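Examination of the molecular architecture
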Amino acid sequence: MKNINTYNESSLHLTLKKLYSLNEGDRTEVVLDGHIYDIVTKDQDVIEIQTKNIYSLKEKILNSLSKDRNVKIVHPIPCIKIIQTKDKEGNIISCRKSPKKLSIYSVFNEIKSFFPILLMENFCLELIICEITEERVRTEEKEQSKNKRRRFKKNWQIVNKKLDKIIETKTFKTRQDYLSLLPENLPAEFCVNDIKNAFKIDKTKNADCIKNANIMIWTFSKIGIIEFIGKKGNSKIYRLSK
């Protein structure tokens, strides 16, 4: 019988769960302390694969950390997404690359309400920069999405997401791990526009990096790795915390 926690599991989630549960003694879909965890290791440490809505894990993660378990959240960020649309018979109608390009900086929209946990001693955030295929099925009429989050109805539904390629894996655990996301040669005292301007010059950064600079700085100030020191005009000025 299929576990109730896996009914809506995408191929992307399942593939990552398999990749992170290869060590001897690892178990998947484990009930522990009243919660269901994706992976529990032989040492009773916890690994959660979360493709979106990281904030929803807050209670589970705090519960595990309170019991001195090591906790890792694995979050995929699709910097390249192929959209494959099929008809109801399974025939491919179209296949195209999505114009939307996410970056590692998009994670700050996921963790902004999760900030009290980010630098806890036994916590680790692992980001998987990847390529995925999003599978859609064409519908006869325009419909609301299954999670009821569409602003406008569409004539397709997402039915699956598949992992095509892992490009890079980055781990965030310490103050320095997070600070590594700031541009190089940033002045000792800086504002958000200094960061945005540096990203605009850096050819490895895209519009998503610039868009998320504000929420990154907000998060860094909340976890105490930078500090607000005043204002210059309308700009808030920060420096690295000592």
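Residues numbered from 1 in each chain as written. Predicted model: local features only at pLDDT ≥ 70, side-chain atom pairs only at ≥ 80, totals over all residues. Heavy atoms only, no water.

A short note on the nonpolar core
Spelled out, the test is: We call a set of buried Ala, Val, Leu, Ile, Met, Phe, Trp, Tyr and Cys residues a nonpolar core when their side-chain atoms join them within 4.5 Å. For every residue, the accessible area (1.4 Å probe, protein chains only) is compared with the maximum for its type, and the residue is labelled buried under 20%, exposed over 50%, or partly exposed between those bounds. Two residues qualify as a contact provided that any one of their heavy atoms is within 4.5 Å of a heavy atom in the partner residue.
Counting 45 residues, the largest nonpolar core has F123, L125 and M216 as its most contacted members. Aside from chain neighbours lying at most four places away, what touches L125 is I54, I73, V107, I111, K170, T171, F172 and Y178. In terms of nonpolar packing, the next biggest core, distinct from the first, is built from 11 residues, L16, Y20, I49 and C130 among them.

A few points about the packing of aromatic side chains
Using the following cut-off: Aromatic pairing here means that ring centres of Phe, Tyr or Trp (its six-membered ring) are within 6.5 Å. Orientation follows from the plane angle: under 30 degrees is stacked, over 60 is edge-to-face, and everything else is tilted. Secondary structure elements are taken from DSSP: a helix is a run of H or I of four residues or more, a strand is a run of E of two residues or more, and numbering for both begins at the N terminus. Placement of a positive charge over a ring is assigned whenever Lys NZ or Arg CZ falls within 6 Å of the ring centre and within 35 degrees of the normal to the ring plane.
Applying the stated rule across the entire model yields 8 aromatic pairs. Seen from their ring centres, Y178 and F220 are 6.5 Å apart, and the 75° between their planes marks the pair as edge-to-face. Of this pair, Y178 sits in helix α4 (residues 175–179) while F220 sits in helix α7 (residues 213–222), and the two are 42 residues apart along the sequence. Three or more aromatic residues joined by ring pairs form one cluster here, namely F108, F172, Y178 and F220. One Lys or Arg, R136, reaches over the ring of W156 and ends 3.6 Å from the middle of that ring. Above the ring of W156, the side-chain terminus of R150 is found at 4.3 Å from the ring centroid.

A short note on the pattern of salt bridges
Definition in use: By convention in these notes, a salt bridge is any Lys or Arg side-chain nitrogen within 4 Å of a carboxyl oxygen on Asp or Glu.
Applying the stated rule across the entire model yields 12 salt bridges. Residues E134 and K81 are paired through a salt bridge, measuring 3.4 Å at the closest nitrogen-oxygen approach. Here E134 is found in strand β6 (residues 123–143), whereas its partner K81 is found in strand β4 (residues 71–86), with 53 residues between them in sequence. Comparing E134 with K81 shows no difference in burial state: the two are buried. When the shortest N-O distance is used, the salt bridge between E134 and R136 registers 2.8 Å. Across this residue pair, the class does not change: E134 and R136 are buried. Residues participating in the shared-partner salt-bridge network are E9, K17 and E29.

Digging into the side chain of N212
Here N212 shows up in the loop between α6 (207–211) and α7. Ignoring anything within four residues of it in the chain, the contact list for N212 reads Y105, S106 and N109.

Section: unusual backbone geometry
Although it is not a glycine, E29 sits at a positive phi angle of roughly 55°. Note that E29 resides in strand β1 (residues 27–32). Given a relative accessible area of 14%, E29 falls into the buried group. Backbone geometry places N185, a non-glycine residue, at a positive phi of 60°. Summarising the element assignment, N185 is placed in the loop between α4 and α5 (192–201).

Concerning the environment of I117
Mapped onto the fold, I117 is located in the loop between α3 (108–111) and β6. Among the residues examined, I117 registers a relative accessible area of 0% and is labelled buried. The spacing of I117 and K58 is 59 residues in sequence and 8.3 Å in space, taken between C-alpha atoms.

Points about the environment of E184
Mapped onto the elements, E184 comes out in the loop between α4 and α5. E184 sits in the exposed class, given a relative accessible area of 73%.

With respect to the packing of α5 against α7
So the rule is basically this: For helices, the fitted axis covers only the stretch in contact; all axes are lines through C-alpha atoms, and the angles between them, taken along N-to-C directions, range from 0 to 180 degrees. For classification, angles of less than 35 degrees are called roughly parallel, those exceeding 145 degrees roughly antiparallel, those between 65 and 115 degrees roughly perpendicular, and all remaining angles oblique. Crossings are assigned a handedness: left-handed for a near helix turned anticlockwise from the far helix by less than a right angle, right-handed for a clockwise turn. Note on residue classes: Ala, Val, Leu, Ile, Met, Phe, Trp, Tyr, Cys and Pro are nonpolar, Asp, Glu, Lys and Arg are charged, and everything else, Gly too, is polar.
Running from N to C, α5 and α7 point in directions that differ by 130°, and their axes come no closer than 9 Å. Taken together, α5 and α7 sit at an angle that is classed as oblique. Between α5 and α7 the crossing geometry is right-handed. Seen from α5, the contacting residues are V192, I195, K196 and F199; seen from α7, they are A213, N214, M216 and I217. Taken together, the residues that form the contact of α5 with α7 break down as 6 nonpolar, 1 polar and 1 charged.

Observations concerning the pairing of strand β2 (residues 35–40)
The condition is simple: The criterion for strand pairing is that DSSP finds at least two bridges linking the strands in question.
For β2, the buried fraction is high: 5 of the 6 residues fall into the buried class. Pairing analysis gives 5 bridges linking β1 to β2, with the strands arranged antiparallel. From the neighbouring strand, L32 faces β2, where its bridge partner is H35. Counting the residues between successive antiparallel strands, the hairpin from β1 to β2 contains 2 residues, one of them, D33, with a positive phi of roughly 55°.

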